[in-house]
Amino acid sequence: MAPSASTLRIAELFRSLQGEGPSAGTPAHFLRLQGCDVGCHWCDTKYSWDAALGREITVSGAFTELRSLGEAPLLVVTGGEPLEHPGVGRLLAAAVGQWPRVEVETSGIQPPPLAHERLHYMWSPKLPSATPRWLETWAHAERFVGDPRTTVKIVVGVNDHDDALRLIREHRLPKPRVMLMPEGLTDAAVRAGVGPLAELCQREGLRLSPRLHVWLWGAERGV
């Protein structure tokens, strides 16, 4: 069931700590949109892939539900793939008027629909090992990099270091805005990959992103 122009199809709404990227550790409201066909094999939210699942809600209804969970200075719009959602532009335009900071977690398979001083994209283009559609997630690199509020967050497996560096160079990504994050759905898996990735970040002048929610709660829903 597709959402109308005035509604969203969501997988879940919750309040937690942002676990990744530049705002890691910040109390946040999470609005997870339903639907994604990028197909990353390591995805920890596959329940959000099928666009027919989830539930339909208005933008104002979603905001009311989130506020009822307690206050937070940050709204994280995630998925699924938010930028493929037909209502995302209206959602973001409304959100920047209600939260001091709004972050959009996206693969980049669609270009950014809106720019605003309180809107921050966490663009996570994929490496060749993640999905057959990886190249499509780099198609709008210039648009994302052109917004100074965009952070590039790349999920890196133990055998992906060379591909990550190659693509960073090819797309001339500004290193101070690039965060590498270890692949892994368990604390043990994240720890196994984070040591070599930390060395790579130090050597190349890149940033390291944690996965705090995996460390704290594991790959569970609503955290």
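Predicted model, so just to flag it, every value in this text is computed and none were measured.

K.L.:
Explain the overall build of the protein to me, please; I cannot follow it from the model alone.
P.N.:
From N to C terminus, the protein includes six helices and nine strands. A compact globule built from 223 residues should have a C-alpha radius of gyration of about 17 Å, and the protein, at 16 Å, falls within 12% of that. For the C-alpha atoms alone, the extent of the protein along its principal axes is close to 45 × 35 × 30 Å. A burial count over the protein gives 51% of its 223 residues as buried. Sequence separation of 24 or more characterises 70% of the internal contacts of the protein that already satisfy a separation of 6 or more. Looking at the protein as shown, the accessible area adds up to about 9700 Å², and 54% of this sits on carbon and sulfur atoms. Once the 24 positive and 25 negative side-chain charges of the protein are each reduced to a mean point, those two points are 4 Å apart.

K.L.:
Please explain unusual backbone geometry as it appears in this structure.
P.N.:
Excluding glycine, residues mostly have negative phi values, and the peptide bonds linking residues are mostly trans. In this structure, the amide linkage connecting Gly 79 to the following residue, Gly 80, adopts the cis form with an omega of 15°. As for its placement among the helices and strands, Gly 80 is situated in the loop between strand E4 (74–78) and helix H2 (88–95). In this structure, Arg 172 is a non-glycine residue whose phi angle is positive, near 50°.

K.L.:
Quick question: what am I supposed to make of the pattern of salt bridges here?
P.N.:
Two side chains that carry opposite charge are able to pair once their charged atoms sit near each other. All told, the structure shown has 18 salt bridges when counted by the stated rule. For the salt bridge of Arg 9 with Glu 56, the shortest nitrogen-to-oxygen distance reads 3.7 Å. Here the residue Arg 9 occupies a position in strand E1 (residues 7–17), and Glu 56 occupies one in strand E3 (residues 55–58), the gap between them amounting to 47 residues. A relative accessible area of 30% means that Glu 56 is categorised as partly exposed. In this structure, the salt-bridge partner of Arg 221 is Glu 12, at a minimum N-O distance of 3.5 Å. Here the residue Arg 221 occupies a position in the segment after helix H6 (212–217), and Glu 12 occupies one in strand E1, the gap between them amounting to 209 residues.

Criteria and thresholds
Residues numbered from 1 in each chain as written. Predicted model: local features only at pLDDT ≥ 70, side-chain atom pairs only at ≥ 80, totals over all residues. Heavy atoms only, no water. Helix = DSSP H or I, 4+ residues; strand = E, 2+ residues; numbered from the N terminus. Rg over C-alpha atoms; globule rule 2.2 N^0.38 Å. Buried < 20%, exposed > 50% of the residue type's maximum accessible area, 1.4 Å probe, protein only. Contact = heavy atoms within 4.5 Å. Areas by Shrake-Rupley, 256 points an atom, 1.4 Å probe, with all protein chains shown as cover. Lys, Arg positive; Asp, Glu negative; His and termini not counted. Charge placed at Lys NZ, Arg CZ, Asp CG, Glu CD. Salt bridge = Lys/Arg side-chain N within 4 Å of Asp/Glu carboxyl O.

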